[in-house]
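# Structural overview
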Amino acid sequence: MQKDNIKTYKSNEKLIKYFGSKYEMRRKLTAIIIGNLIFSFGVNAFYTTHKFLSGGIGGISVMLQYITGIAAGISVFFLNLPLFLFGLRTLSKKFLTYAFISTIVQSITMIIFKEVGNFISFKDPMLSAIAGGVINGTAMGILFKNGCCQGGFDIVAAVMKKKYNMQIGSALLLLNAVVISIASYLFGVDKGAYTIIAMFISYNVLDRIQMSKGNLKSVTIISSKSEEIRQAINLRMSRGVTALKSVGGWSKKEGQVLYLYVERNEISMLKEIINKIDSDAFIGISDVEEIRGRGFRGADIE
């Protein structure tokens, strides 16, 4: 009986190592399905109709589809395999497991949506580039925000983020320069230019979602009633506040400077709390690139 329990415990340990908790598994698998559905729809509806590329392994697969007629969903799977080996040393087994699942889902959804461009598309290539960029950036943002990716160059970008703290969107844009150069040579400079526009939009959307850029704020509060403000924020907003001892540069009076992080939609409530207690309080608000820790969840790249 005890041996069976030990075996079950070790088996559960292995499952957690590769998949995480049940909640995490549900969250990631949902993100993989939704993200790849959106991505495949965007590529086939707005990119392939004008012979744009999507970048990365997906872009190379689409390029092969234009040249050979082989469905991108098939080649995307086989082209991804060597990149999984590349990520083994740096990235966790869990991240790569979900990346592999994502690659399979992407292959299937690319085949499912192959003909969608015949029904939904824009005749104007610029509109297609903009729409495709927003849709694909949203898809990639959903994946990276939940610690997943589509495999391919996303694995390389995740390695670069972990090793060099490089923005994922910036890393992908750099990696895809080679793909765009080849595409421009094969299909014309105008196709390459539209693809660059679409990718620029896509990776900016990705960074905004993945990093919550523009949504997170750091707030500095200087007030003679700092303790009352701190307690009110703790009570009404359930946010932690750091109190730093301060000395007035002019008055030489000792006091406290309050420092905290909030989300953009909490700013109006915070101002209301402060104004009720001290309408003369100094408030400084600035954007934050990324926050990791209790109360905030950053991108789960492992």
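Reading the values: the criteria
- Residues numbered from 1 in each chain as written.
- Predicted model: local features only at pLDDT ≥ 70, side-chain atom pairs only at ≥ 80, totals over all residues.
- Heavy atoms only, no water.
- Helix = DSSP H or I, 4+ residues; strand = E, 2+ residues; numbered from the N terminus.
- Buried < 20%, exposed > 50% of the residue type's maximum accessible area, 1.4 Å probe, protein only.
- Contact = heavy atoms within 4.5 Å.
- Areas by Shrake-Rupley, 256 points an atom, 1.4 Å probe, with all protein chains shown as cover.
- Phe/Tyr/Trp six-rings, centres within 6.5 Å; stacked < 30°, edge-to-face > 60°.
- Lys NZ or Arg CZ within 6 Å of the ring centre and 35° of its normal.
- Core = buried A, V, L, I, M, F, W, Y, C linked by side-chain atoms within 4.5 Å.
- Patch = residues over 30% accessible without salt bridge, like charges linked within 9 Å, V, L, I, M, F, W, Y side chains within 5 Å.
- Salt bridge = Lys/Arg side-chain N within 4 Å of Asp/Glu carboxyl O.
- Pairing = 2+ DSSP bridges.
- Axes fitted to C-alpha atoms, helices over the stretch in contact; angles between N-to-C directions.
- Expected span 1.5 Å × (residues − 1).
- pLDDT = per-residue confidence, 0-100.

### Observations concerning the overall build of the chain
Helix and strand counts for the chain stand at 11 helices and four strands. A total of 302 residues make up the chain; the buried ones form 47% of that total. Of the contacts made within the chain by residues no fewer than 6 positions apart, 75% connect residues no fewer than 24 positions apart. Accessible surface for the chain amounts to roughly 16,100 Å². Of this, 61% is attributable to carbon and sulfur atoms.

### Things to note about the packing of aromatic side chains
Scanning the model with the defined rule gives nine aromatic pairs in all. Feature note: the residues Phe41, Phe46, Phe113 and Phe122 constitute an aromatic cluster, connected by ring pairs. Taking NZ or CZ as reference, Lys28 lies 5.4 Å from the ring centre of Tyr98, over its face.

### Observations concerning the nonpolar core
If you look at the biggest cluster of nonpolar residues, it comprises 28 residues, and the most contacted ones within it are Val43, Phe46, Tyr47, Val62 and Met110. Residue assignment for this core shows that the elements contributing at least two residues are α2 (22-47), α3 (56-68), α4 (72-87), α6 (125-145), α7 (153-164) and α8 (168-187). Top contributing element to this core by residue count: α2, with five residues. Residues Val219, Ile221, Leu260 and Val262 belong to the second largest nonpolar core, which totals 16 residues.

### A closer look at a nonpolar patch on the surface
Side chains of Ile70, Ile74, Phe78, Leu81, Phe100, Ile104, Ile108, Ile111 and Ile112 sit close together on the surface and give an oily, nonpolar patch of about 810 Å² of accessible area. It is helix α5 (residues 93-112) that provides the largest number of residues to the nonpolar patch, a total of five residues. Summarising the element assignment, Ile108 is placed in helix α5.

### Examining the pattern of salt bridges
Summed over the entire model, instances satisfying the criterion amount to five salt bridges. Between Lys28 and Glu24 there is a salt bridge whose closest N-O contact spans 3.8 Å. Note that Lys28 and Glu24 are positioned in helix α2 at a spacing of four residues, about one turn of the helix. Using a relative accessible area of 1% as the deciding quantity, one classes Lys28 as buried. Note that Glu272 is salt-bridged to Arg236, the shortest N-O span being 3.9 Å. Of the two residues, Glu272 sits in helix α11 (residues 267-277) while Arg236 sits in helix α10 (residues 226-237), which places them 36 residues apart along the sequence. Judged by relative accessible area, which is 37%, Glu272 ranks as partly exposed.

### Some remarks on the sheet that holds strand β1 (residues 216-222)
In any sheet, the strands associate via hydrogen bonds between backbone groups, in a parallel or an antiparallel arrangement. Read from one edge of the open sheet, four strands run β2-β3-β1-β4, paired in antiparallel fashion. Edge positions in the sheet fall to β2 (242-247) and β4 (282-287), since each of these pairs with one other strand and no more. Ignoring strand direction, the axes of neighbouring strands in this sheet form an average angle of 25°.

### A look at the side chain of His50
Relative to the assigned elements, His50 resides in the loop between α2 and α3. On the accessibility criterion, His50 (12% relative accessible area) is buried. Filtering out sequence-adjacent residues up to four positions away, His50 remains in contact with Ser121, Phe122, Lys123, Asp124, Pro125, Ser128 and Lys191.

### Brief notes about the environment of Phe100
Position of Phe100 among the secondary structure elements: in helix α5. Here Phe100 falls in the partly exposed class, since its relative accessible area comes to 33%. Considering only alpha carbons, one finds Phe100 and Leu81, 19 residues apart in sequence, at a separation of 8.7 Å.

### Side note on α10
A turn of α-helix holds 3.6 residues, and therefore any two residues three or four places apart point the same way. Here α10 contains 12 residues, and its C-alpha end-to-end distance of 16 Å stays within 8% of the 16 Å for a straight helix at 1.5 Å per residue. Ser238 lies just past α10 and shows a positive phi near 55°.

### Quick notes on the confidence of the model for the chain
Keep in mind that low pLDDT regions are not for reading the predicted coordinates in detail. Mean pLDDT over the chain stands at 80; residues scoring 70 or higher make up 84%. When pLDDT is averaged over each element of the chain, α2 comes out on top at 90 and helix α1 (residues 2-19) at the bottom at 54. A low-confidence stretch, residues 2-9 (pLDDT under 50), is modelled with zero contacts involving residues beyond four sequence positions or located in other chains.

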